[in-house]
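# A structural walkthrough
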Amino acid sequence: MNENKSATQNKWDNIYSAADKQIGAAAQVLRENLHLLPASGKALDFACGLGANALLLAAQGLETHAWDISEVAVTRLMEETRARGLVIHGEARDLAARPPAPESFDVIVSAHFLERPLNPYLLAALRPGGLLFYQTFTLEKVEDEGPQNPEFRLGVNELLSMFPGLRVLVYREEGLVGDTTRGYRNKAMLVAQKM
Ligand SMILES: C[S@@+](CC[C@H](N)C(=O)[O-])C[C@H]1O[C@@H](n2cnc3c(N)ncnc32)[C@H](O)[C@@H]1O
């Protein structure tokens, strides 16, 4: 074991070392809004995990970067990238210590990683005209998926005001309204553009 690993890195490396941990589908916020992507540009999958979003972004022809604190996750993503004949620039990186540089990306996807102190860096990292695709778990839920700690779940309407100054293109948060056996539940999604 690497003695210099942080507790966070250890935790996620262990999770991604499990043989049954599979890539899964890209985030709904990205899958449902692919038509909003630019034809070219530089994209970042922020805290990518096994990189389902990065793989989709790369397949769309974007110069794709994928960063995560887990070396195991990034190594697995690089293997999958090669197997699919794609190109992704993967990096094992602690985003709290080394957030993206200002105005460095045309597209940023952040899925299931709620670290509020990093929001200003996400905002700053978008180039003018750049798009943020964001999706994560809400406090209001009908199923027990996602983090148990309420601190890591969004409050009502929180995502709508979390990135001030962006033009909102897509917002979806259905909470517990209506027939909760249908619709988009347990999460909120946002696609927004830097003006
Ligand atoms: C719930 S997973 C989400 C992964 C992926 N975005 C997805 O939606 O499947 C949260 C991810 O955040 C990463 N992570 C946690 N703290 C981090 C940090 N400080 N810097 C970079 N990545 C971090 C974990 O390694 C993990 O892959």
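All of the points below concern the structure found in this document.

Near the ligand you find 15 residues, and of these Tyr16, Ala47, Asp68, Ala111 and His112 are the closest. For the ligand, an oxygen atom lies 2.6 Å from a polar atom in the side chain of tyrosine 16. Interatomic distance of 3.1 Å between a backbone N/O atom of isoleucine 69 and a nitrogen atom of the ligand. Look at the ligand: alone it shows 590 Å² of surface, and the protein chains cover 82% of it. Sort the elements by how many residues they give to the shell around the ligand and helix H1 (residues 7–17) lands first, with three residues.

Applying the stated criterion across every chain yields a total of four aromatic pairs. Over the aromatic face of phenylalanine 105 sits the side chain of lysine 42, whose NZ or CZ is 4.8 Å from the ring centroid. Sitting over the face of the ring of tryptophan 67, arginine 93 holds its NZ or CZ atom 3.8 Å from the ring centroid.

We now examine the sheet that holds strand E1 (residues 42–46). Spatially, the seven strands line up as an open sheet ordered E3-E2-E1-E4-E5-E7-E6, and their pairing is mixed. Each having just a single partner strand, strand E3 (88–92) and strand E6 (167–172) make up the two edges of the open sheet. The sheet shows a mean angle of 15° between the axes of neighbouring strands, direction not considered. Sheet topology places strand E5 (residues 126–137) next to strand E7 (residues 187–193); seven bridges connect them, and they run antiparallel. Counted as the bridge partner of phenylalanine 137 is lysine 187 from E7.

Parameters at a glance
- Sequence order sets the numbering: in each chain, residues are counted from 1 along the sequence as written.
- Local features in this predicted model are restricted to residues whose pLDDT is 70 or higher, and side-chain atom pairs enter the listing and the counts only when it is 80 or higher, whereas totals over whole chains, interfaces and linings include all residues.
- For the side-chain quantities, the full set of heavy atoms in the structure was used; hydrogens and water were omitted.
- Near is defined per residue: the residue qualifies when any heavy atom it owns lies within 4 Å of the molecule or strand.
- In the analysis that follows, any N or O atom pair within 3.5 Å is treated as a polar contact, provided that within protein one partner can donate a hydrogen and the other can accept it, and provided that, for residues neighboring in sequence, both atoms belong to side chains.
- Note on areas: Shrake-Rupley with a 1.4 Å probe; residue coverage comes only from the protein chains shown.
- Starting at the N terminus, helices and strands are each numbered in turn, a helix being any DSSP run of H or I of at least four residues and a strand any DSSP run of E of at least two.
- Centres within 6.5 Å are what make two rings of Phe, Tyr or Trp a pair, Trp counting through its six-membered ring; a difference in plane orientation under 30 degrees is then read as stacked, over 60 as edge-to-face, and the rest as tilted.
- Put simply, a charge is over a ring when the Lys NZ or the Arg CZ is close to the ring centre, within 6 Å, and near the line of the ring normal, within 35 degrees.
- Two strands qualify as a pair provided DSSP detects at least 2 bridges between them.
- Axes here mean lines fitted to C-alpha atoms, for a helix over just the part in contact, with angles spanning 0 to 180 degrees between N-to-C directions.

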